[in-house]
Amino acid sequence: MRKRLRSTIKWGGAVLTVLLLVVWVGSAWWQAGVRSHGFYLEVYGGGLSIGVDRWRDDEFEFWLKDHTFDVWWWFDVTVRPDPFAEVIGYIPIWFLLLATGLASGWLWHRDRRRALCLCIKCGYDLRGNASGVCPECGTPPPRPSPALRLGSGQAEPEEGVESATT
C-alpha cells in the first residue's frame, strides 16, 4: 500500500474511532434517526438500528430526541410479519468501535515498525545494511534527530563544536 494512502486510512481510522466513541457514549442518552421510503437508520442505546418498514412509505424524516439511559450490548434481529412487514437489525456500536480501533491501531503499529527497519521509498528491508543507502532504490536513510542518536537522551554535539566535558 502506498505511503499516502496508508497514512490517509490510518488517520481516517483514528478519527472514525474517536467519532464512534462519542456517538456510543452519547447514544445512551440521545436518540437520532433518519427515515426515507421505508428504510431507516437509528442510533440509540449504544447501538445502530437498521430497518426496512414496508408499511410506512413516507418521504424523508429526521429526528433527535432525549432517550432514557439504556444500553444494549449485543446484536439483535427482529422480523415482524404482515401487516407490518418490518425487519430490524441492531448492531452495537462498541463492536464497530473495536473493529475500527484495532484496524487503525494495527496500521499505526505497522508504520512504527516500518520506520525502524525498512526503506522509506521502496520498503526494502534494511536490517544488516552497512552501506547507509538502500540497495534497491539508492535512497539514503532519514537522518535521526540528535536526541535519538544517544541512548542517554542527550544530544550529540555537532561536528566542529567541542563538548563541555572535553
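All of the points below concern the structure found in this document. (Residues numbered from 1 in each chain as written. Predicted model: local features only at pLDDT ≥ 70, side-chain atom pairs only at ≥ 80, totals over all residues. Heavy atoms only, no water.)

### Regarding the pattern of salt bridges
All told, the structure shown has two salt bridges when counted by the stated rule. Residue Glu61 pairs with Arg35 through a salt bridge whose shortest N-O separation is 3.8 Å. Placement of the pair is Glu61 in strand β4 (residues 60-66) and Arg35 in strand β1 (residues 30-36), with a sequence separation of 26 residues. Take Glu61: its relative accessible area is 31%, and that puts it in the partly exposed class. Look at Arg35 and you get buried, because its relative accessible area is 11%. A salt bridge links Arg127 to Asp125; the shortest N-O distance between them is 2.8 Å. With a relative accessible area of 31%, Asp125 lands in the partly exposed category. (Salt bridge = Lys/Arg side-chain N within 4 Å of Asp/Glu carboxyl O. Helix = DSSP H or I, 4+ residues; strand = E, 2+ residues; numbered from the N terminus. Buried < 20%, exposed > 50% of the residue type's maximum accessible area, 1.4 Å probe, protein only.)

### What to know about the sheet that holds strand β5 (residues 76-80)
The six strands lie next to each other as β4-β1-β2-β3-β6-β5, forming an open sheet whose pairing is antiparallel. The strands lining the two open edges of the sheet, one partner per strand, are β4 and β5. On average, each strand axis in the sheet is inclined to that of its neighbour by 10°, with strand direction left out of account. Relative to β4, β1 runs antiparallel, the two being bridged by seven bridges. When the bridges of β4 are listed, Ser36 appears paired with Phe60. (Pairing = 2+ DSSP bridges. Axes fitted to C-alpha atoms, helices over the stretch in contact; angles between N-to-C directions.)

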